[in-house]
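Coordinate inspection notes
Chain by chain, the residues run as shown.
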Amino acid sequence: MIEDDYRVSDEDLNISRTKILDMLPDSTLKEISDVVLGEIKGLLKSESCYVAFVDPENGDSVGISFSHLTKECEMYAEMGEARFKVLKDGSYGGLLGYSLDTGKSLYVHDVTSHPAAHGLPPGHEPVNQFLSVPVKFDDEILGQIVAGNPEKDYDNHDLEICEKIAEAYGVVLKKLLY
């Protein structure tokens, strides 16, 4: 099989989902989130990933497992989280907040072309492609999974893979936080 034609099988996807769900109830949210990050990076062949939950107390988006793409990421890692405050209007804004704001999954090949994009923070490593899915449980948005810089262009199959992992992560967030 040619590398470019590689597709994640249903069996591989089910193994990943089971791996995540089987961590309950004995693992911490951080431990499970780290596994989600690793599975997404591996399944989507992506260089970077960001796994977040919505803080049930104040609505902030809290990145708990993430690739280090800025100097600040090391500081966030030491703190144990990268917190993005919900705006006064209840939105998160930008391309990073798109899935949380709309409840919709997306991928873009040209990050600068999306209407929600407003640029990267100073010192942020380049992101050449972007994929984001909301993490839901019973249609309530509980978090987000983001991937970037894949080896090949993202497509609908990649979006479906991430959505299936997000379903499992939604169960985790519901049991551990909500």
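Anything mentioned here points back to the structure above.
Residues numbered from 1 in each chain as written. Predicted model: local features only at pLDDT ≥ 70, side-chain atom pairs only at ≥ 80, totals over all residues. Heavy atoms only, no water.

Taking strand neighbours across the sheet as the criterion, the six strands line up as E3-E2-E1-E6-E5-E4 in an open arrangement whose pairing is antiparallel. Two strands close off the open sheet at either side, each with one partner strand: strand E3 (82-84) and strand E4 (106-108). Across the sheet, the mean angle separating the axes of adjacent strands is 20 degrees when strand polarity is ignored. Taken together, the three bridges between strand E2 (residues 61-66) and E3 define a ladder with antiparallel strand orientation. The residue bridging Gly 63 from the neighbouring strand is Ala 82, located in E3. Together, strand E1 (46-54), E2 and strand E6 (140-150) form the strand contacts of helix H2 (residues 29-43), whose direction differs from that of E1 by roughly 145 degrees. Helix H5 (residues 156-177) contacts E1, E2, E4, strand E5 (130-137) and E6 of the sheet and is inclined by roughly 40 degrees relative to E5. (Pairing = 2+ DSSP bridges. Helix = DSSP H or I, 4+ residues; strand = E, 2+ residues; numbered from the N terminus. Axes fitted to C-alpha atoms, helices over the stretch in contact; angles between N-to-C directions. Contact = heavy atoms within 4.5 Å.)

Looking now at the pattern of salt bridges. All chains considered together, the criterion is met by 10 salt bridges. The partner of Asp 155 in a salt bridge is Arg 7, with the nearest N and O atoms 2.7 Å apart. Here Asp 155, found in the loop between E6 and H5, pairs with Arg 7, found in the segment before helix H1 (10-21); they are 148 residues apart in sequence, far enough to count as distant. A relative accessible area of 18% means that Asp 155 is categorised as buried. (Salt bridge = Lys/Arg side-chain N within 4 Å of Asp/Glu carboxyl O. Buried < 20%, exposed > 50% of the residue type's maximum accessible area, 1.4 Å probe, protein only.)

Tallying each qualifying case throughout the model produces one aromatic pair. With a centroid separation of 6.2 Å and an interplanar angle of 70 degrees, the aromatic rings of Tyr 50 and Phe 84 are classed as edge-to-face. Linking Tyr 50 in strand E1 with Phe 84 in strand E3, this pair joins segments that are 34 residues apart in sequence. The partly exposed category is assigned to Phe 84, whose relative accessible area is 34%. (Phe/Tyr/Trp six-rings, centres within 6.5 Å; stacked < 30°, edge-to-face > 60°.)

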